[in-house]
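# Structural features, examined
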Amino acid sequence: MIRELHEKLINKEITSVQLTEQYFDVIEKNDAEIGAYLTLTKKLAMQQAQFVDEKIAKGESIDLIEGIPCAIKDNICVDGVRTTAASKILDNYIAPYDATVIRKLKEYGAVILGKTNLDEFAMGSSTENSAYKITKNPVDTSRVAGGSSGGSVAAVAAGQAVWSLGTDTGGSIRQPASFCGVVGLKPTYGRVSRSGAIAMASSLDQIGPIAKSVEDAAIILSRISGQDLLDATSAKSSDKKYEDYLTGDISGKVIGVPKEYVESLEGEIKNIFEKSLEKFRTLGAKIETISLPHSQYALPTYYIIMTSEVSSNLAKFDGIKFGMRSDDNVDSDINNENGLPKKLLETYLDTRKIGFGDEVKRRIMLGTYALSAGYYDAYYLKAQKVRALIRRDFENAFNPPAGGVDYIYCPTAPEVAFKIGEKSADPLKMYLSDIFTITANLAGVPAISFPIGAISTDGKDLPIGGQLMGKWFDEEGMLNCAHTYEINTKK
Ligand code: GLN
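Below: a short report on this structure. Everything numeric in this text was worked out from a predicted model, so none of it was measured. (Residues numbered from 1 in each chain as written. Predicted model: local features only at pLDDT ≥ 70, side-chain atom pairs only at ≥ 80, totals over all residues. Heavy atoms only, no water.)

## A word on the packing of aromatic side chains
Heads up, the rule is: Ring pairs are drawn from Phe, Tyr and Trp, using the six-membered ring of Trp, whenever the two centres fall within 6.5 Å, and their geometry is named by plane angle: stacked under 30 degrees, edge-to-face over 60, tilted for the rest. Helix and strand definitions here come from DSSP, where helices need a minimum of 4 consecutive H or I residues and strands a minimum of 2 consecutive E residues; each element is numbered from the N-terminal end. For the exposure calls, accessible area comes from a 1.4 Å probe over protein chains only, and a residue counts as buried if that area is under 20% of its type's maximum, exposed if over 50%, partly exposed in between. As a reminder, the over-ring test applies to NZ of lysine and CZ of arginine, requiring each to be within 6 Å of the ring centre and within 35 degrees of the ring normal.
According to the stated counting rule, one finds 19 aromatic pairs in the structure shown. Relative to Tyr 409, the ring of Phe 280 has its centre 5.1 Å away and its plane inclined at 80°; by these criteria the two rings are edge-to-face. Pair noted here: Phe 280 is in helix H9 (residues 267-282) and Tyr 409 is in strand S11 (residues 407-411), with a separation of 129 residues, a long-range link. Summarising the burial analysis for this pair, Phe 280 and Tyr 409 share the class buried. Ring geometry for Phe 398 and Trp 472: centres 6.1 Å apart, planes at 75°, overall edge-to-face. With Phe 398 in helix H13 (residues 377-398) and Trp 472 in the loop between strand S13 (460-469) and helix H16 (475-487), this residue pair connects regions lying 74 residues apart in the sequence. Within the aromatic cluster, the residues linked to one another by ring pairs are Tyr 93, Phe 121, Phe 317, Phe 322 and Phe 356. The lysine or arginine in question, Lys 42, covers the ring of Phe 24, its NZ or CZ lying 5.4 Å from the ring centre. Over the ring of Phe 418 we find Lys 423; its NZ or CZ atom is 4.5 Å from the centre of that ring.

Printed below as a string of structure tokens:
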């Protein structure tokens, strides 16, 4: 899709301003119902589009993504633009700088339409935890878009942006992509700079693209990746153009299917998944059953490590440095119940009480407990050890003494998009939605979700995603595998 639009721009069939206006028209028409955007950046978008049009008019060459409209998850900082992470605590926060990915996108001339909804601080699997609104699934608006990047994914699925950026800590790009029938890519940990993304769990977070095709995701990855001095965990890597590796040939590649993931599959999902395996076979890949023996510990391990990092990362929101303060608005709040001026600690506590939603508070409490003296060894340290074992499972699958698989494949989620409200009262049920996606974050490997079918329910075709996981820093191989499937199945 990006290539086609690029051709149209350089052949002057359409201008970037017209294209941008078209997207704003769609947003105007259907976002009251979908609820994908929190903030529109019309002025910025029009300026960016005009600039590109002037370049084209002067006969200058433009980049593939130049002049093409995109959307950004609202936990990624855009200079001068309100950035809330869908939390009341950052309600009035205007980012004072660009995240590294945004700086890069601006240099390439991307057009930014606006900031999209998410679960508060990216904590959730349905975008129901946003402090502002629920994002609905464009395929069936009685259902969730998934989460936490629900806004970014719904925007792409509903034609409100050509592509978007999300963040993925335990599945937040891939699970909603699966629910809404688009492509979502979580890069290898360290591939993309996290500088300027509001941190949830720093050892797991990655920024990645959401798009209508695997090729589009590859095009975006090429432009946002690379080492960055502002993120010490970003890895040294050569400047690859991932789109150049999409040969459409996967013959001889070995795809491992982890038995722990698929043995419980049933019904339609199982059929769709098996059909996709058959397709991979006909494309020349070899399918092998493998074992990732520590998979059963992934969810508890994630919920210890993630919440521990959350409790530490969110300590900075105390009403002093960022966003809202409990005594900002109400005069009486400046004094405590004894009529005395509030102490600093009271300001901290009140701000956090009012500013954070229930799920965020739950995770801060769990994480604080896991890190507290006396429990640290039993929970956090133990979880780190299990994380090492989970990573080793992947090492063993990819590099056993002889041979090994090239990719690991399973469904992205064990279900289709669920009904709004269906799981919000039961956190454990909600957490289980990420059962297939969190291991990639714990191990740090790249993973991509792409549509492999749909289940007809209540007259709607609810999408199912397949997930490929690759070796560390082998995005090009993994993308080519997903691309090959995609081009051979698209009608
Ligand atoms: N749904 C998962 C969670 O609630 C993952 C979130 C994410 O990837 N940001 O933690």
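## Section: empty space enclosed by the protein
Just so we agree on the cut-off: Cavities and pockets are defined on a 1 Å grid built over the protein atoms alone: a cavity is a set of grid points where a 1.4 Å probe fits but cannot escape, while a pocket is an open set with protein on both sides within 12 Å along at least five of seven lines, and lining residues are those with an atom within 4 Å of any such point. Grid points are joined across faces, edges and corners, and a volume is the space filled by probe spheres set on the points. Amino acids are sorted into nonpolar (Ala, Val, Leu, Ile, Met, Phe, Trp, Tyr, Cys and Pro), charged (Asp, Glu, Lys and Arg) and polar (every other residue, Gly among them).
Per the counting criterion, the structure on display carries one cavity of 30 Å³ or more. Estimated volume of the largest cavity: approximately 80 Å³. As for the largest cavity, its lining consists of 14 residues, of which Ala 122, Gly 124, Ser 172, Tyr 302 and Asp 434 are closest to the centre. Residue composition of the lining of the largest cavity, by class: five nonpolar, seven polar and two charged.

## Considering H9
Spacing of three or four residues puts side chains on the same side of an α-helix, whose turn is 3.6 residues. Spelled out, the test is: Expected helix span is computed as 1.5 Å times (number of residues minus one). As used here, the arc is the angular range of directions from the helix axis to the C-beta atoms.
Its 16 residues give H9 an end-to-end C-alpha distance of 23 Å, which sits within 8% of 22 Å, the value for a rise of 1.5 Å per residue. The complete set of buried residues in H9 reads Ile 269, Ile 272, Phe 273, Ser 276, Leu 277 and Phe 280. Projected down its long axis, H9 carries its buried residues within an arc of 145°, all on one side. Facing away from the buried side of H9 by over 90 degrees, the exposed positions are Lys 275 and Thr 282. Two residues or fewer after H9 comes Gly 284, characterised by a positive phi angle close to 100°.

## Considering the packing of helix H10 (residues 298-313) against helix H12 (residues 358-371)
Here is the rule: Interaxial angles span 0 to 180 degrees and are taken between N-to-C directions of axes, which are lines fitted to C-alpha atoms, for helices over the stretch in contact. Angles are sorted into four bins: roughly parallel if under 35 degrees, roughly antiparallel if over 145, roughly perpendicular if 65 to 115, and oblique for all others. By definition, residues are in contact when any of their heavy atoms lie within 4.5 Å.
One way to put it is that H10 packs onto H12 with a least axis distance of 7 Å and a crossing angle of 100°. One element, H10, and the other, H12, form an angle in the roughly perpendicular class. Contacts from Tyr 303, Ile 304, Met 306, Thr 307, Ser 308, Val 310 and Ser 311 in H10 reach Arg 363, Ile 364, Leu 366, Gly 367, Thr 368, Ala 370 and Leu 371 in H12. Looking at the contact of H10 with H12, its residues break down into eight nonpolar, five polar and one charged.

The values are spatial; any link to function lies outside them.
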